[in-house]
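# Examining the three-dimensional arrangement
The lines below spell out each chain.
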Amino acid sequence: MPLKIGDKASRTHTITDAMIRAFADASGDTNPVHLDDDYAAGTRFGRRIAHGMLTTSIISAILGNDLPGEGTIYLSQHVKFKAPVFVGDTITAAVELSAYREDKRIATFITTATNQDGTLVLEGEAVVIAPSA
């Protein structure tokens, strides 16, 4: 299926303690703001927050599995974290194709993620090489 400007896809995940701990293990980012309730209680957030890149990884899942799909290669990801993501938040990440260079299969996507309350938690832009049809 050929890509066209305005194509969209999304995924929704509830962020769990197990996901945060697995991400910390995989990434090596063991910052206590993500893992220690007592420590996090004393921060500006008042409780533990998910890793920003854990939230961003939902976008990677969309690009690699849904749009453009299997075989997609990341070239870049620009992201601005707009609000914290907490254990138990349900995050909907979305991508929308904003530019496509068909000869090189270079696709640019607007990327966003919102929580269950509709609060924007991240926004940015991803550039990928789309798989051949």
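Residues numbered from 1 in each chain as written. Predicted model: local features only at pLDDT ≥ 70, side-chain atom pairs only at ≥ 80, totals over all residues. Heavy atoms only, no water.

Glancing now at the pattern of salt bridges. Overall, the coordinates contain seven salt bridges when judged by the stated rule. Note that Asp-17 is salt-bridged to Arg-48, the shortest N-O span being 2.6 Å. Of this pair, Asp-17 sits in helix H1 (residues 17–27) while Arg-48 sits in the loop between helix H3 (37–41) and helix H4 (52–65); the two residues are 31 residues apart in sequence, bridging distant segments of the chain. The exposure class of Asp-17 is partly exposed, given its relative accessible area of 29%. The shortest N-O distance in the salt bridge between Lys-82 and Glu-123 comes to 3.5 Å. (Salt bridge = Lys/Arg side-chain N within 4 Å of Asp/Glu carboxyl O. Helix = DSSP H or I, 4+ residues; strand = E, 2+ residues; numbered from the N terminus. Buried < 20%, exposed > 50% of the residue type's maximum accessible area, 1.4 Å probe, protein only.)

Below, the discussion takes up the nonpolar core. Ranked by internal contacts, the top residues of the largest apolar core, which has 26 residues, are Ile-15, Leu-63, Ile-91, Val-95 and Phe-109. Of all the secondary-structure elements, those providing two or more residues to this core are H1, H4, strand E3 (90–101), strand E4 (106–114) and strand E5 (120–129). Among the elements that take part in this core, H4 stands out by supplying five residues, more than any other. Beyond its immediate sequence surroundings of up to four residues, Ile-91 is in contact with Arg-11, Thr-12, His-13, Ile-15, Thr-55, Ile-58, Val-85, Ala-113, Thr-114, Asn-115 and Val-121. (Core = buried A, V, L, I, M, F, W, Y, C linked by side-chain atoms within 4.5 Å. Contact = heavy atoms within 4.5 Å.)

Another point: H4. The terminal C-alpha atoms of H4 lie 21 Å apart, and with 14 residues this matches the ideal 20 Å at 1.5 Å per residue to within 8%. As for H4, its buried residues are in contact with strand E1 (8–14), H1, strand E2 (73–81), E3, E4 and E5. (Expected span 1.5 Å × (residues − 1).)

Another aspect to go through is the sheet that holds E5. As summarised here, the arrangement of the five strands in space is E1-E3-E4-E5-E2, forming an open sheet in which the pairing is antiparallel. Unpaired on one side and paired on the other, E1 and E2 mark the two borders of the sheet. Ignoring which end each strand starts from, the neighbouring axes of this sheet average 20 degrees apart. (Pairing = 2+ DSSP bridges. Axes fitted to C-alpha atoms, helices over the stretch in contact; angles between N-to-C directions.)

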